[in-house]
Amino acid sequence: MPALCCSHCFTEQAGNQVRLNRDMVQADGTDGNCVTFVLHDEDHTFGNSLRYMIMKNSEVEFCGYSITHPSESKINFRIQTRGGILAIEPFRRGLTELMDVCQHVLSKFEVR
């Protein structure tokens with residue numbers, strides 16, 4: 001499968017930019033509604049949390065991930081939408097919503 005996009009996804013949170021190290025891969029002959037993202041330096045903690053956030057979107061038909069090998073910290077993260085939106089949109093939205101949840105939890109447990 002050829003790599004389509006080597007640019008990285010940026011999410012801005014409270015004035016800071018967080019960079020996610022990922023590649024985007026798409027099979028020949030498909031449109032942008034079925035994409036596999038290769039996430040580097042991540043594990044099940046992030047993969048399952050992000051999958052949960054993305055599956056809450058009603059436009060997402062399938063979302064799943066696999067760890068390529070236990071000795072590698074790389075996730076193949078696949079998203080397939082129903083066709084109304086590109087797969088990158090629920091991916092970005094899921095990242096943003098996951099960051100919001102993490103910020104909320106941090107704010108509740110920080111010592112004031």
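Per an unreviewed UniProt entry, the protein is named DNA-directed RNA polymerases I and III subunit RPAC2, and its organism is Chrysemys picta bellii. For the protein, the Subcellular location (unreviewed entry) comment in UniProt is given as "Nucleus".

Undergrad: Quick rundown of the confidence of the model for the protein? Include the residues and the values.
TA: Taken over all residues, the pLDDT of the protein has a mean of 80, while the share at 70 or more is 72%. For residues 1–14, every residue scores under 50 in pLDDT, and the model assigns this stretch 37 contacts once sequence neighbours within four places are set aside.

Undergrad: Lay out the pairing of strand β5 (residues 34–40) with the relevant residues and their values.
TA: Burial runs high along β5: 6 of the 7 residues are buried. Taken together, the 7 bridges between β5 and strand β7 (residues 74–81) define a ladder with antiparallel strand orientation. Following the sheet pairing, L39 is matched in β7 by I75.

Undergrad: Just give me the short version of helix α1 (residues 44–55), but keep the residues and values in it.
TA: When the terminal C-alpha atoms of α1 are compared, their 16 Å separation across 12 residues agrees well with the 16 Å that a helix rising 1.5 Å per residue should span. For α1, the N-terminal cap is D43; the gap from its side-chain oxygen to the backbone nitrogen of T45 is 3.1 Å.

Undergrad: Give a detailed account of the environment of H69, specifying residues and quantitative values.
TA: Within the secondary structure layout, H69 lies in the loop between β6 (60–67) and β7. At 2.8 Å, the side chain of H69 forms a polar contact with the side chain of S71.

Undergrad: Requested: an account of the packing of aromatic side chains, with residues and values cited.
TA: Enumeration over the complete set of coordinates arrives at 3 aromatic pairs. Judged by centre distance (4.1 Å) and plane angle (5 degrees), the ring pair of F37 and F91 falls under stacked. Highlighted residues: F37 in strand β5 and F91 in helix α2 (residues 88–109), separated in sequence by 54 residues. Here F91 falls in the buried class, since its relative accessible area comes to 0%.

Undergrad: So what's going on with the side chain of T81? Residues and values would help.
TA: Position of T81 relative to the elements: it lies in strand β7. Among the polar contacts made by the side chain of T81, one reaches the main-chain carbonyl oxygen of I85 at a distance of 2.7 Å. Non-local contacts of T81, meaning those with residues more than four positions away in its chain, are made with N33, E59, V60, E61, L86, A87 and P90.

Undergrad: Can you tell me about unusual backbone geometry, naming the residues and giving the values?
TA: Phi angles above zero are rare outside glycine, and D41 is one such case at about 60 degrees. Its place among the elements puts D41 in the loop between β5 and α1. You can call D41 exposed: its relative accessible area is 56%.

Undergrad: Go over the side chain of N33, please, and point to the residues and values.
TA: Along the chain, N33 turns up in the loop between β4 (22–25) and β5. When neighbours within four sequence positions are excluded, N33 is seen to be in contact with I79, Q80, T81, G83, I85, L86 and A87.

Undergrad: Explain the pattern of salt bridges to me, using residue names and the numbers behind them.
TA: Evaluation of the coordinates by the stated rule reveals 1 salt bridge. We note a salt bridge from E97 to R93, for which the minimum N-O separation is 2.9 Å. Pair noted here: E97 and R93 are both in helix α2, with a separation of 4 residues, about one helical turn.

Cut-offs used in this document
Residues numbered from 1 in each chain as written. Predicted model: local features only at pLDDT ≥ 70, side-chain atom pairs only at ≥ 80, totals over all residues. Heavy atoms only, no water. UniProt positions renumbered as here; feature names shortened; annotations may be inferred. pLDDT = per-residue confidence, 0-100. Contact = heavy atoms within 4.5 Å. Buried < 20%, exposed > 50% of the residue type's maximum accessible area, 1.4 Å probe, protein only. Helix = DSSP H or I, 4+ residues; strand = E, 2+ residues; numbered from the N terminus. Pairing = 2+ DSSP bridges. Expected span 1.5 Å × (residues − 1). Polar contact = N/O pair within 3.5 Å; in protein donor to acceptor, adjacent residues only side chain to side chain. Phe/Tyr/Trp six-rings, centres within 6.5 Å; stacked < 30°, edge-to-face > 60°. Salt bridge = Lys/Arg side-chain N within 4 Å of Asp/Glu carboxyl O.

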